Amino acid sequence: MRIIDGKQFKEMVITGATVLHNNHPEIDALNVFPVPDGDTGTNMSLTFSSGADEIEKLDSNDIYEISKKLSKGLLMGARGNSGVILSQIFRGISMAFEGKSQVDAVEFAQALQNGAKVAYKAVMRPVEGTILTVIRESSEAVVKYAKPGMEIEDVFSYFVKEAEESLERTPELLPVLKEVGVVDSGGAGLLLILTGFMAALAGEEIERVDINNDNAKEALVDVESGSEDAYGYCTEFIFRLDPAKIKVFKEENLRNELERLPGNSIVVVQDEDIVKVHVHTLKPGNALNVAQRYGEFIKLKIENMQEQHNSILEANSTPAANAKATLTAPKEEPKDVSIISVAAGDGIKDMFLELHCDYVVSGGQTMNPSAEDIVQAIRDVNAKHVIILPNNSNIVMTAQQAAIILEDEVDVHVIPSKTIPQGLSACIMFNPEVSLEDNLNEMNEAIANVKTGQVTFAIKDTNIDGVDIKANQYMALCEKEIIACVPNKVEALKETLNGLVDEDSEIITLIYGEDVTEDEVEDIESYVEDHFEAEIECVNGKQPVYSFIVGVE
């Protein structure tokens, strides 16, 4: 085969997504640090599957059209740093395909190299020994190898071989990989995708294996509201699609958006330019806002299904919730500034909502939200300026990608908060009476003045920086450093406090998780009073996975 067209490229992508999905737990196991985090394999699989889903029903033989649609799906579905980088690689590939309906081996090799260049530009401080190195080294090699008239299979086989060798060299470039004895997980995930590409080129059919990952989708449900079908508002409406949006509108996309409200009992039916919708949700106004982006309402009806509707109407009162059937639904004036935070745990969510935060996206260490989740949150808050607090180092790039997606619609600013205490400190500094610029300066300064500690359980036996880690014991983390691993979580917290608190410390904020007892909290309070001058505030964050999150200022 000397030419690849859109149909063949589509098969390569779908097979690559299948291979990555089937093997992503192996990539998760390569993670260096033994913390229960948003694993690389899971993030990359969800990201690439999002892109594959976007093109699966696209009937086109044009490779640029397929690649452009793939790029959009990856962009919106990107999760975690690995997912964002993966989306940028294929964005660069798509850019190189522009104007071409099919490509030969040389053009395909050049596209791969452009993917590497675009991915490098997307990362502020590229680190060698990662997925970036793998795509750069292998694409540079294949560009030199590819010659006019060569078979695609030959050139791509050479590319995959170079990627394998580059992956094997990652421990030499990144000492922490060598210390733990693994290769880079992001590079390994990319290699799985490329292996799937090779299988498709060879005409192999690979079946998708069902892997129990239901918790991933469940973790994305908005923490702000429930999901029972027994209450809420029965919301029905009919709208006419804008002429410019008829061709791009998809019933499935609208259903997915309504599901994330959250909503259930969802029915979406399109008849040419008319769309009929039925959904049960606690936030009917949000459902109307989602639909209104596609066109104008012809008819709408909202009924309160809750028995004690008076109290619910007071708690959830919005203009849309009390609307009567009209030709167009009322739309609130946008706020000037809104704050969006990412967090897990009802108690932590409440802390943010009490500190000027308008919307909390469910997610964190164990389940990173996608760029699309954050895009939807930005649209939901209906503000001229939006400030995002990712509160996790693996979500910062995703938030920045969401901001880029909406740069023509909303003024979005990402405060690079990497921990919950940093995010809370930034929220405290927000002052609605001062300018946006002053607020951004104050919030950025605030995150620099917070020290963070955490206690969580180890997921495997290993050794990090001379600390022996035993699976299921509790690790004491000061910032990013693991300083101890002990059988008791309270003792681990004491180690953390000893590493964080000094004579200049004034306030200790202790956020305890769902596995912590009141007796353990009292033990810690007594320990702080006996050993430190700083004041302590204890809050039940109800967060999973992390027994304790500590902020010291």
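Procedures and definitions
- Position numbers for residues start from 1 in each chain and track the written sequence from start to end.
- In view of the model being predicted, local features appear only for residues whose pLDDT reaches at least 70, and side-chain atom pairs are presented and counted only at 80 or more, with totals across whole chains, interfaces and linings using the full set of residues.
- Hydrogen atoms and water are omitted, and side-chain values are computed over all heavy atoms in the structure.
- Helix numbering and strand numbering both begin at the N terminus, where a helix is a DSSP run of H or I of at least 4 residues and a strand a DSSP run of E of at least 2.
- We call a residue buried when its accessible area falls under 20% of the maximum for its residue type, exposed when it is over 50%, and partly exposed in between, using a 1.4 Å probe and counting protein chains only.
- Two residues form a contact once any of their heavy atoms are found within 4.5 Å.
- Residue exposure ignores everything except the shown protein chains as possible cover, and the areas themselves are Shrake-Rupley values with a 1.4 Å probe.
- Residues belong to one nonpolar core when they are buried, are Ala, Val, Leu, Ile, Met, Phe, Trp, Tyr or Cys, and are joined through side-chain atoms within 4.5 Å.
- Only strands that DSSP links by at least two bridges are regarded as paired with each other.
- Axes, fitted as lines to C-alpha atoms, cover a helix only where it is in contact. Angles between the N-to-C directions of the axes lie from 0 to 180 degrees.
- Two cysteine sulfur atoms form a disulfide, by the criterion used here, when they sit within 2.5 Å.
- A helix's residues, less one, multiplied by 1.5 Å, set its expected span.
- Any pair of nitrogen or oxygen atoms within 3.5 Å is treated as a polar contact; in protein, a donor-acceptor pairing is required on top of that, and neighbouring residues in sequence qualify only through side-chain atoms on both sides.
- The pLDDT value tells you how sure the predictor is about a given residue, anywhere from 0 up to 100.
- For this document, the term salt bridge refers to a Lys or Arg side-chain nitrogen within 4 Å of an Asp or Glu carboxyl oxygen.
- Handedness is read with the strands pointing away from the viewer; a crossover is right-handed when the path from the first strand over the helix to the second is clockwise.

(A) Focus on the overall build of the chain. What the chain contains, in helices and strands, is 20 helices and 18 strands. Put simply, the chain has 553 residues, and 54% of those count as buried. Nonlocal contacts in the chain, meaning residues at least 24 apart in sequence, comprise 72% of its contacts between residues at least 6 apart. About 25,200 Å² of surface is accessible on the chain, with carbon and sulfur atoms providing 47% of the total.

(B) Examining the nonpolar core more closely. Of all hydrophobic cores here, the largest spans 76 residues; its most connected members are Phe 9, Phe 48 and Phe 90. Val 486, Leu 497, Leu 510 and Phe 548 belong to the second-largest nonpolar core, a separate cluster that totals 25 residues.

(C) Seen up close, the sheet that holds strand 11 (residues 451-457). Pairing is mixed across the open sheet formed by six strands, whose spatial order is 15-14-11-18-16-17. The open sheet has two edge strands with one neighbour each: strand 15 (481-486) and strand 17 (535-540). Each adjacent strand pair in this sheet contributes to an overall mean axis angle of 15°, direction not counted. In terms of strand pairing, strand 11 meets strand 14 (residues 474-478) through five bridges, oriented antiparallel. Its bridge partner being in strand 14, Val 455 is matched across the sheet by Ala 476. Contacts from helix 17 (residues 420-429) reach strand 11, strand 16 (507-512) and strand 18 (546-552), with the element oriented near 45° to strand 18. The strands that helix 19 (residues 489-500) touches are strand 11, strand 14, strand 15, strand 16 and strand 18; relative to strand 14, the one it contacts most, it runs at about 15°.

(D) The arrangement of the state of the cysteines in detail. In this structure the tally under the stated criterion is zero disulfides. You can see Cys 427 has no disulfide; the closest cysteine sulfur is in Cys 357, sitting 5.1 Å from it. Residue Cys 427 is classed as buried on the basis of its relative accessible area, which comes to 0%.

(E) Local environment of helix 5 (residues 105-122). End to end, helix 5 covers 26 Å across 18 residues, agreeing with the expected 26 Å (1.5 Å per residue, within 8%). Residues of helix 5 that are buried include every one of Ala 105, Val 106, Phe 108, Ala 109, Ala 111, Leu 112, Gly 115, Ala 116, Val 118, Ala 119 and Tyr 120, and no others. Those residues of helix 5 that are buried are in contact with strand 1 (4-5), helix 1 (6-28), helix 4 (80-97), strand 2 (102-103), helix 6 (131-145) and helix 7 (152-173). For helix 5, the capping residue at the N-terminal end is Asp 104, with a side-chain oxygen 3.2 Å from the backbone nitrogen of Val 106.

(F) Looking closely at the confidence of the model for the chain. When pLDDT is averaged along the chain, the result is 85, and 88% of the positions lie at 70 or above. When pLDDT is averaged over each helix and strand of the chain, the minimum, 35, is found for helix 10 (residues 214-218) and the maximum, 97, for helix 6. Long-range and interchain partners of residues 306-330, a stretch whose pLDDT sits below 50, account for 34 contacts in this model, where long-range means more than four residues apart.

(G) Looking closely at the pattern of salt bridges. For the structure on display, the rule yields 18 salt bridges. Here Arg 136 and Glu 137 are joined by a salt bridge, their closest N and O atoms 4.0 Å apart. Here Arg 240 and Asp 273 are joined by a salt bridge, their closest N and O atoms 3.6 Å apart. On the criterion of sequence distance, the pair formed by Arg 240 in strand 3 (residues 233-241) and Asp 273 in the loop between strand 4 (263-271) and strand 5 (274-281) is long-range, its members being 33 residues apart. Take Arg 240: its relative accessible area is 43%, and that puts it in the partly exposed class.

(H) Expanded view of the sheet that holds strand 8 (residues 359-362). As summarised here, the arrangement of the four strands in space is 8-7-9-10, forming an open sheet in which the pairing is parallel. What marks the edges here is a single partner per strand, and that holds for strand 8 and strand 10 (411-414). Looking at each pair of strands side by side, their axes are set apart by 25° on average, direction ignored.

(I) Examining the environment of Leu 58 more closely. Tracing the backbone shows Leu 58 in the loop between helix 2 (40-56) and helix 3 (63-77). For the pair formed by Leu 58 and Lys 10, sequence separation is 48 residues and the distance between their alpha carbons is 9.0 Å. Non-local contacts of Leu 58, meaning those with residues more than four positions away in its chain, are made with Lys 10, Glu 65, Ile 66 and Lys 69.

(J) Fine view of the pairing of strand 7 (residues 335-343). A large share of strand 7 lies buried, amounting to seven of its nine residues. The sheet contact formed by strand 7 and strand 9 (residues 383-389) spans six bridges and is parallel. Along strand 9, the bridge assignment pairs Lys 335 with Ala 383. For the crossover from strand 7 across helix 14 (residues 346-353) to strand 8, the handedness is right-handed.

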